[in-house]
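Structural features, examined
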Amino acid sequence: MKKFLTFMATCLIAGGIAVTSSAAGKIIESPDIKIAIDGKIGRYTDVPILQDGRTLLPLRAVLENLEVKNDDEHIIWELKDRSITVYKDSKKIFLQVENKNAEVNGTGFELDVPPMIYKNRTYIPARFVAESLGKKVVWDSKTKSVLIKDPASFDEVNKILTKSEEAMKNVKKAKMNMKVDRKESIGESSSVSVGGEVKMEVDKANKIGHMVMNLKTMGINVTMEYYYNNNTQYMKGFLVDSWVKTTSKDDNFDSVVKNQFGLIAADEVSSAGLVKVESNNPDEIVLEGAAFFGSISNLGSSLMGEDSITESNGVPADYSVKIILDSKTYLLKSCTMEFYETQKGSSGDKMVESGNFSLTLTDVNGNFTVKIPDEVIKNAKDASEMGGIIKM
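Quantities reported herein were computed from a predicted structural model and do not represent experimental measurements.

1. Structural notes on the overall build of the protein
The number of helices and strands found in the protein is eight helices and 27 strands. Put simply, the protein has 392 residues, and 47% of those count as buried. A fraction of 54% describes how many contacts in the protein between residues 6 or more apart in sequence connect residues 24 or more apart. As presented, the protein carries roughly 20200 Å² of accessible surface, and 47% of it is formed by carbon and sulfur atoms.

The following block contains the structure:
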């Protein structure tokens, strides 16, 4: 079974990138670019393109997603001078193919890249048009996403995330439960399902943690148990029936805790990708949208025995996140991320990968104790004595 991240990255490379030339420079087809408007990743029949590092999108499709009426009164195309005039509310935007000069309500602007015709379709610069219509635009280089949002909604979510980020810094102890469900199929005859669960107790003040990981795949159940104390780790399970001790120069505890308790970040990407939605529970604040949280997926990847996501790794073509916060304390209660990826394999078969990660936080600063049992410390063998079975 191919590894999740390697599979996606390979598909993107194997799929190829179409390149053509124009007077201004190369035009690069970028099917992996995602366009999220108000927290939802849009679908476009015509592929997004890049020119000189700028994203251009198909004219009518993106304007319609920006709530411009798709008719001859609101989107006017003049064949004679190859110009586009866009009307929405009090805004009038004038653009011309292969012309960097544009106008918004009569005021002139110079574009980084002009509108252009590509494969008989008119493409327009995404950022300029969205900002001209009063939208906030954020580029997420990690996921190759253009995030477009109403400024008022951006500010609202940013304030919520800022309060939550500060609240999470005051978490000293907590219990966490994480579940991973993933299915990978090739054609109609081959599929593999993988499920896993992580239960963890953390005492940040004393830098002690306890984690139990369970993995189920292809009829095989694997259980692994860990204790953390500063830069020391005790592990048992899978190929090792007895406790093994490893010590590193890095602080294992801090790296584990940071990935989970540092999940919330009041950055531009999260603020632009998430929207606040109505909740039937007055004790909860619910945020949903297209913000990709690498830390929750990285724990899921480690559970699957895979590499962590970095800037160079692939991310799913489609994903959505739901975050639930306590409305009084702004502490994280849960985070769920669903993902979906479909590609064609080398044999032409359809390859589909889908699943979800979920994380729930309970007993925040509760009355419980995390302790490494004396027998674990006493009986643990040093990893250097295990003949290379355990990675240092």
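This is not the end of the story, as more comes after the structure.
2. A closer look at the pattern of salt bridges
Taken as a whole, this structure holds 15 salt bridges when the rule is applied. Across the pair K371 and D374 runs a salt bridge, and its minimum N-O distance is 3.4 Å. Residue classification places K371 among the exposed residues on the basis of a relative accessible area of 51%. Taking the relative accessible area as the measure of exposure, D374 reaches 55% and is therefore exposed. Each of K175, E201 and D363 takes part in salt bridges that share partners, so that together they form one network.

3. As for helix 4 (residues 151–169)
Residue pairs three or four apart in sequence face the same way in an α-helix, which turns once every 3.6 residues. For helix 4, built from 19 residues, the straight-helix expectation of 27 Å at 1.5 Å per residue is met to within 8% by its first-to-last C-alpha distance of 27 Å. Among all positions in helix 4, only S153, F154, V157, I160, L161, S164, A167 and M168 are buried. Buried residues of helix 4, viewed axially, fall in a sector of 160°; they line one side. Turned more than 90 degrees away from the buried face of helix 4 sit A152 and K159, all of them exposed.

4. What to know about the side chain of S83
Its place among the elements puts S83 in strand 8 (residues 83–88). Residue S83 is classed as buried on the basis of its relative accessible area, which comes to 2%. In terms of polar contacts, S83 uses its side chain to reach the side chain of D81, at 2.8 Å. When residues no more than four places from it in sequence are discounted, the contact partners of S83 are I76, W77, E78, F94, L95 and Q96.

5. With respect to the sheet that holds strand 22 (residues 274–277)
Read from one edge of the open sheet, twelve strands run 22-23-24-25-26-16-17-18-19-20-21-27, paired in mixed fashion. Of all strands in the sheet, those with a lone pairing partner are strand 22 and strand 27 (381–382), marking the two edges. As paired elements, strand 20 (residues 232–237) and strand 21 (residues 240–247) share five bridges and run antiparallel to each other. Its bridge partner lying in strand 21, Y234 is registered against K245. In the packing of helix 4 onto the sheet, the strands contacted are strand 22, strand 23 (284–289), strand 24 (318–326), strand 25 (332–344) and strand 26 (350–362), and the crossing angle to strand 22 comes to about 90°.

6. Some words on the nonpolar core
Here is a general trend for soluble globular proteins: nonpolar side chains tend to be buried in one another's company. Formed by 50 residues in total, the largest nonpolar core has its most connected members in L274, L287, I323 and L332. At six residues, the largest contribution of residues to this core is made by helix 4. In this structure, L332 is in contact with M168, L263, I264, I323, I324, L325, L359 and L361, ignoring residues within four places of it in sequence. Counting residues in hydrophobic clusters, the runner-up holds 28 residues, among them I33, Y44, A102 and V146.

7. Remarks on the sheet that holds strand 10 (residues 99–104)
Here five strands make up an open sheet; going across it, the order is 7-8-9-10-11 and the pairing antiparallel. Because the sheet does not close on itself, it has two edges, and the strands there are strand 7 (75–78) and strand 11 (107–110). In this sheet, neighbouring strand axes are inclined to one another by 20° on average, regardless of whether the strands run parallel or antiparallel.

8. Comments concerning the confidence of the model for the protein
Taken as a whole, the protein shows an average pLDDT of 83; of its residues, 81% reach a score of 70 or greater. Contacts of residues 1–23 to residues separated by more than four positions or lying in other chains number 45 contacts, the stretch itself having pLDDT below 50. In this model residues 295–313 is a low-confidence stretch, pLDDT under 50, and it forms 53 contacts with partners more than four residues away in sequence or in other chains.

9. Notes on the packing of aromatic side chains
On inspection of all chains with the given rule, the structure shows five aromatic pairs. Between Y226 and Y228, the aromatic rings sit 6.0 Å apart at their centres with planes inclined by 10°, giving stacked as the arrangement. Its relative accessible area of 6% is what places Y228 among the buried residues. The aromatic ring of F154 is capped on one face by K136, whose charged end is 4.9 Å from the ring centroid. Over the ring of F368 we find K175, and its NZ or CZ is 5.0 Å from the ring centre.

10. A few points about unusual backbone geometry
Located in the positive-phi region is D89, a residue other than glycine, with phi close to 55°. Within the fold, D89 resides in the loop between strand 8 and strand 9 (91–96). Of note in the backbone geometry, D363 takes a positive phi value of approximately 50° without being a glycine. Mapped onto the elements of the fold, D363 is located in the loop between strand 26 and helix 8 (374–379). You can call D363 partly exposed: its relative accessible area is 41%.

About the thresholds
- Residues numbered from 1 in each chain as written.
- Predicted model: local features only at pLDDT ≥ 70, side-chain atom pairs only at ≥ 80, totals over all residues.
- Heavy atoms only, no water.
- Helix = DSSP H or I, 4+ residues; strand = E, 2+ residues; numbered from the N terminus.
- Buried < 20%, exposed > 50% of the residue type's maximum accessible area, 1.4 Å probe, protein only.
- Contact = heavy atoms within 4.5 Å.
- Areas by Shrake-Rupley, 256 points an atom, 1.4 Å probe, with all protein chains shown as cover.
- Salt bridge = Lys/Arg side-chain N within 4 Å of Asp/Glu carboxyl O.
- Expected span 1.5 Å × (residues − 1).
- Arc of directions from axis to C-beta.
- Polar contact = N/O pair within 3.5 Å; in protein donor to acceptor, adjacent residues only side chain to side chain.
- Pairing = 2+ DSSP bridges.
- Axes fitted to C-alpha atoms, helices over the stretch in contact; angles between N-to-C directions.
- Core = buried A, V, L, I, M, F, W, Y, C linked by side-chain atoms within 4.5 Å.
- pLDDT = per-residue confidence, 0-100.
- Phe/Tyr/Trp six-rings, centres within 6.5 Å; stacked < 30°, edge-to-face > 60°.
- Lys NZ or Arg CZ within 6 Å of the ring centre and 35° of its normal.

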